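Summary of structural features
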Amino acid sequence: MVGVLSRTTGVLGAAALLGTGLAVALPAVTASAEETLLVAATAVPEGFDGDALRPGTQNVVPQVYENLVRYGRIEGEDGRTYLDPSAIEGHLAESWEVSEDGTRWVFTLREGILSPYGNELTADDVEWSWNKSFDQQRTGNFIARVSNVESVEALSDYEVAFNLSAPSSIFLPALTLYVPGIYDSTEVRSHATDEDPWALEWLETNTAGFGAYHLDTLRPDEMAVFVANPNYFRDQPFFDRIVYREVPSAASRATLLLTGDVDWIDRPAVQQVVEFQGDDRVKIEDSPGRAMVAAWMNPNFEPFGDVRVRQALNYAIDREEIIDSVTRGTGDVAMSVVPPIVDGYDPSFFAYDYDPDRARELLTEAGYPDGFETELLYSDLWWWLEPFTIQVSSQLSEVGVTATPTRITGSDMRSRSAPAVRDMPFFVFESGPIILDPVYTLYLLAHSEGVSNRSDYSNPDFDALIDEARETLDRDARLALTTDAQRIWMEDAPWLVAAYPRTFEAMAPDIVGWVPYPDVHERWYDLRRVED
Amino acid sequence: MKVRRFLLRRLIFIVPLLLGIVFFTFMLVRIGGQDPVEMLAGPTATQAHIDLIERELGLDQPLLSQFLIYIGNVFTGNLGDSWISSQPVLDDILRRAPITLELLFWGVGLGALIGIPVGLRVAGRPDSWFDQCARVVSLFGFSIPTYWLGLVMLFVFFYLLGWAPPGIGRIGLVVIPPETITGSYLIDSLLTGDWEAAHSAFSHLVLPVTCIAIISAAPIIKHTRAIALEVYRGDAVRFARASGLPRRIVRRIVMRNSTVPVMTFVGTEITGLVGTTSLIEFVFAWGGLGQYGLNAIISGDFAAVQGYVLFLALFSVIVFLIIDLTVVIIEPRSSEAT
């Protein structure tokens, strides 16, 4: 840094450095004999145990841990493959029997199913895995309780029994869930210690399942690499390797997809999806959603205790307008609390077409001829909450109801909707079932004991139907009950129902085979790349 | 002796300062921030489940006891465990710190390499066309939002021109990183003679470093100019000119007299740019401490946020200390640095 030399060459030198750097920067693309799927996601998962959820865990656990049973497949009208919610077939299990009184299910496992470590799936693995979930007292335990499972016991090498406290129609569909996962307990146990009997620490950075994929390398904050399980019991997947790359910026992810540097991006936002439409560098696949855009009304708070008021508000909403403005035209009108993709979905009880006159009539009948004032609470938990709140508020004002949008924090909203609290009269929230089962859905969202029944809706007739349905194993009988329940629910109108936004996946145009799953995570096993 | 006394006086203040920062952060995340319990509990959580998690995380204790426990741990080098990664926060931070420091170092280094000579030169010719240009460019650098700059650079140089690699981290996806010596992919691969990795690391560094350089150059130009101008107007220069010394000598005098304040300023810049670097890391998926800190804040990972802030505070303190110490050593006149 001396004299004339420094000043000008300082600037020039830096420019030259930059120029050279850019000029020689080659994209690192090398052909590889194996097929690799490059996924750009918000974050690398920080744990691989379905019972110890961390951000990102749910995306990868279903790829590694597969279940005793799975949903069948059907071809939709659009030629695409969908899951068939009415058909459950064996997967890790070959067959099963249920006792007369419905409280004991015995599964016979397929023989010769090996994990990447070379250990065979036995009934011991199933028993161990469920005991782990029971012990952890988390999501797996919750699923077990909801399905009435009390204990799991290995009867022989390949036979395992589930003992239920009462018959449960939810049990079999619940087995398709990612949790409780089925672990290669031989391998996992080898990493257990006295303080850590379930090897939970090892499971944070390793996987040991019987599924199609297996965690190969993990570099926190950078990437996780999964490889196909060489011992997988079905055909080998197309993709030998999945590179799950952390790219925190949504804009960066979108750019990478457009340039073809990644094959798949995680959860594109609606705006990005709308922009991608018509761009042939990106393929957008969509499926009906399972989470409803709705405003919940708590009947314990006036004026929402009056069913006429609740119905009136439902008449006051222009759903097409909401779908256009909030979900950019990508939603379907919500006509039942049970989403369209779930078995037993019945839209026939929906009666609330946009009819502000009828709304005013009902309000007058209920004693509010000039409407009323209230607050509409929302948070930042999901992207659509704010625009939806604003739309609803504006539409309701036209029938004299002043619903002031009031924002609270996400954690406030969650804590206030906890079973012991539930003190929000009118609020917007998202909830949708991860099991494609109407009984599960109705129980969770609307039974007086349902964990997700955040607006404290309570109708003894409804409860009775669901209680009976939970124990009715015959599908026709069960669906008759759930249909009736949907009727009651829609008449009671505990929610201001609006729409089911479609869910989207964005991928490279040469990726095919995607099948929508209720947990909104793709299965890498399904995917293939086609040559043009 | 002067140095020792200086150090002692400084060190006495550091501990209460850091304590205060940690206390403030601690309370802030717990009172105002995200609630991690719901997130960790998952969508099907019952109240019992939520209580269990709260107990596990120690959140059911009164705030003050939580703080005292935490401080006690900090003094033994235990910064707690991240609730997201389950790893000790200290390990998480130490692993990622060199990654961010590398970016910061190259970025501010480049910015200073450009900014200081430019600043000195325009101070010598104030209001020339070069000065006007430099001022406009500097204004531009001041006003640009970091996130936007990063995305635009990616857009132009990667997406449109294809010159730069995708903003997908520190090294190409199919390149095997070098073994860890310093934590910097570039330096480590050069040290181990891995030319492919070195090349990949370098090409991935170019864009993010340039962004930081642009952002840091602007204030450096401005302040160097102001500082140098002061010196130009000062007695030393007037005396030199009056004595008929050539311009070259005058410039040298200016440079030597500007060194201390400019160095102090660059030190301030380094500490001030940590936030900017976090955003750049975010855009370029860099995987460093900044990204870690941002994630921790968003997810309500209290221990990680506290550890991150503590580390940043410590870093700032050390940088200032080094600079002031250097000033005390090299500056023959002052008995106390500014």
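Conventions used here
- Residues numbered from 1 in each chain as written.
- Chains lettered and ligands numbered in written order.
- Predicted model: local features only at pLDDT ≥ 70, side-chain atom pairs only at ≥ 80, totals over all residues.
- Heavy atoms only, no water.
- Helix = DSSP H or I, 4+ residues; strand = E, 2+ residues; numbered from the N terminus.
- Buried < 20%, exposed > 50% of the residue type's maximum accessible area, 1.4 Å probe, protein only.
- Contact = heavy atoms within 4.5 Å.
- Areas by Shrake-Rupley, 256 points an atom, 1.4 Å probe, with all protein chains shown as cover.
- Lys, Arg positive; Asp, Glu negative; His and termini not counted.
- Charge placed at Lys NZ, Arg CZ, Asp CG, Glu CD.
- Pairing = 2+ DSSP bridges.
- Axes fitted to C-alpha atoms, helices over the stretch in contact; angles between N-to-C directions.
- Parallel < 35°, antiparallel > 145°, perpendicular 65-115°, else oblique.
- Nonpolar A, V, L, I, M, F, W, Y, C, P; charged D, E, K, R; others polar.
- Domains from an automatic or database assignment.
- Buried area = accessible area lost by both parts, 1.4 Å probe.
- Salt bridge = Lys/Arg side-chain N within 4 Å of Asp/Glu carboxyl O.
- Polar contact = N/O pair within 3.5 Å; in protein donor to acceptor, adjacent residues only side chain to side chain.
- 1 Å grid on protein atoms, 1.4 Å probe; cavity = no way out; pocket = protein on both sides within 12 Å on 5 of 7 lines; lining within 4 Å.
- Points joined across faces, edges and corners; volume = space filled by probe spheres on them.

**Considerations on the overall build of chain B**
Counting its secondary structure elements, chain B contains 14 helices and 0 strands. Here the C-alpha coordinates of chain B stretch approximately 85 × 55 × 40 Å along the principal axes. A buried classification covers 51% of the 338 residues belonging to chain B. Restricting to contacts in chain B with at least 6 residues of sequence separation, those with at least 24 account for 72%. Accessible area for chain B stands at about 16,100 Å²; split by element, carbon and sulfur atoms hold 68% of it. One way to put it: in chain B the 24 positive side-chain charges average out to a point 22 Å from where the 24 negative ones average out.

**A short note on the sheet that holds strand β11 (residues 264–265) of chain A**
Residues and elements named next belong to chain A. The 7 strands are arranged β8-β9-β10-β1-β11-β19-β12 in an open sheet whose pairing can be described as mixed. On the outer flanks of this sheet lie β8 (213–219) and β12 (283–287), each paired with one strand and no other. The sheet contact formed by β8 and strand β9 (residues 223–228) spans 6 bridges and is antiparallel. Following the sheet pairing, arginine 219 is matched in β9 by methionine 223.

**Considerations on the packing of helix α11 (residues 247–272) of chain B against helix α14 (residues 302–330) of chain B**
All names here are of chain B. The interhelical angle for the contact between α11 and α14, taken along N-to-C directions, is 170 degrees, at an axis separation of 9 Å. One finds that α11 runs roughly antiparallel with respect to α14. Residue-level inspection shows Val260, Met263, Thr264, Gly267, Thr268, Ile270 and Thr271 of α11 in contact with α14, the latter providing Phe315, Ser316, Val319, Phe320, Ile323, Thr326 and Val327. Looking at the contact of α11 with α14 residue by residue, the classes come out as 8 nonpolar, 6 polar and no charged.

**Some words on the domain arrangement of chain A**
Residue and element names in this part refer to chain A. Entries for chain A in the domain assignment read domain 1 (2–48 + 211–287 + 504–529), domain 2 (69–186) and domain 3 (293–501). Across the boundary between the two partners, domain 1 contributes 15 residues, which contact 15 residues of domain 2. Of the roughly 1,300 Å² buried at the junction of domain 1 and domain 2 (both faces included), carbon and sulfur atoms supply 57%. The salt bridge involving arginine 80 is made with glutamate 285; its shortest N-O contact spans 3.1 Å. Viewed at the interface, domain 2 and domain 1 are joined by 6 residue pairs in polar contact (both at pLDDT 80 or more). Per element, the largest residue contribution to the side of domain 1 that touches domain 2 is 3 residues, and it comes from β12. Class assignment for the residues of the side of domain 1 that touches domain 2 results in 7 nonpolar, 4 polar and 4 charged.

**Regarding the layout of surface pockets**
The volume enclosed by the second largest pocket comes to roughly 1,000 Å³. The wall of the second largest pocket is formed by 42 residues, among which Glu56, Leu57, Asp81, Ser82 and Trp83 of chain B lie closest to the centre. Among the secondary structure elements, those contributing two or more residues to the lining of the second largest pocket are α3 (123–136) and α7 (200–205) of chain A together with α1 (2–32), α3 (47–56), α4 (63–75) and α14 of chain B. Each residue belonging to the lining of the second largest pocket can be placed in one class, and the counts come to 17 nonpolar, 12 polar and 13 charged.

**Observations regarding the side chain of glutamate 505 of chain A**
Within the secondary structure layout, glutamate 505 of chain A lies in strand β19 (residues 503–507). Setting aside chain neighbours within four positions, we find glutamate 505 of chain A in contact with Trp264, Ile265, Pro268, Lys283, Ile284, Glu285, Trp514, Val520 and Glu522 of chain A.

**Notes on unusual backbone geometry**
Look at the link from valine 179 of chain A to proline 180 of chain A: it is a cis peptide, with omega at -5 degrees. Secondary-structure assignment places proline 180 of chain A in the loop between α5 (171–174) and α6 (185–189). Across the junction of glutamate 302 of chain A and proline 303 of chain A, the peptide omega takes the value -5 degrees, indicating a cis bond. Note on placement: proline 303 of chain A falls in the loop between β13 (293–297) and α10 (307–315). The backbone of arginine 422 of chain A shows a phi angle near 50 degrees, a positive value even though the residue is not glycine. Topologically, arginine 422 of chain A is positioned in the loop between α14 (410–416) and β17 (426–429). Of note in the backbone geometry, alanine 285 of chain B takes a positive phi value of approximately 50 degrees without being a glycine. In this structure alanine 285 of chain B comes out as buried when scored by relative accessible area, which is 0%.

**Here's the deal with the sheet that holds strand β7 (residues 159–164) of chain A**
All names here are of chain A. Ordered by their spatial adjacency, 4 strands build an open sheet running β4-β5-β7-β6, and the pairing between neighbours is antiparallel. At either end of the open sheet lies a strand with only one pairing partner, and these are β4 (93–98) and β6 (149–154). Ignoring strand direction, the axes of neighbouring strands in this sheet form an average angle of 20 degrees. Pairing geometry for strand β5 (residues 104–109) and β7, over 5 bridges, is antiparallel. In the sheet register, arginine 104 faces β7, and the bridge partner there is asparagine 163.

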